[in-house]
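Observations on the model geometry
Okay, here's what each chain looks like letter by letter:
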Amino acid sequence: GQLKLSLTGHVSAVRGVAVSKRHPYLFSCGEDKQVKCWDLEYNKVIRHYHGHLSACYDLSLHPTLDVLLTCGRDSTARVWDMRTTANIHTLSGHAQTVASVVCQAAEPQV
């Protein structure tokens, strides 16, 4: 294939990417602790999700709700409101890095 688009904005390695099936958005996270929402119609960042204290390793979008999950080296998984960027809930208690998250289709499970 041929490169169609290059989005720049992270200052370290990108660890996770997810494309919304319901909105023209791409979400990215990385070693720089940043989680970003990119508008694919305008090719620019429109939202930042702040809260991870260390590298963010993975993210997942809920299939029917405007909810984003992230996880990382700070031993947390975080639930975000995709629209407002509010950190709805932080799942803590892990002793080490949380490397992966997955959203389930059954509401309101994540």
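Everything discussed here concerns the structure shown above.
Residues numbered from 1 in each chain as written. Predicted model: local features only at pLDDT ≥ 70, side-chain atom pairs only at ≥ 80, totals over all residues. Heavy atoms only, no water.

Attention now goes to the nonpolar core. Counting residues in hydrophobic clusters, the biggest one holds 13 residues, and the most contacted among them are Phe27, Val35, Tyr49, Leu59, Leu61 and Leu68. Elements with a contribution of two residues or more to this core: strand E2 (25–30), strand E3 (35–39) and strand E5 (56–61). The next biggest cluster of nonpolar side chains, apart from the first, holds 8 residues, and it includes Val67, Leu69, Cys71 and Val98. (Core = buried A, V, L, I, M, F, W, Y, C linked by side-chain atoms within 4.5 Å. Buried < 20%, exposed > 50% of the residue type's maximum accessible area, 1.4 Å probe, protein only. Helix = DSSP H or I, 4+ residues; strand = E, 2+ residues; numbered from the N terminus.)

Turning next to the pattern of salt bridges. Opposite charge on two side chains permits them to pair, given that their charged atoms come into close proximity. Counted according to the given criterion, the structure contains 6 salt bridges. Arginine 78 is the salt-bridge partner of aspartate 74, the closest N and O atoms lying 3.7 Å from each other. Grouping residues by exposure puts aspartate 74 and arginine 78 together as buried. One continuous salt-bridge network, built from bridges that share partners, spans Arg22, Asp66, Asp81 and Arg83. (Salt bridge = Lys/Arg side-chain N within 4 Å of Asp/Glu carboxyl O.)

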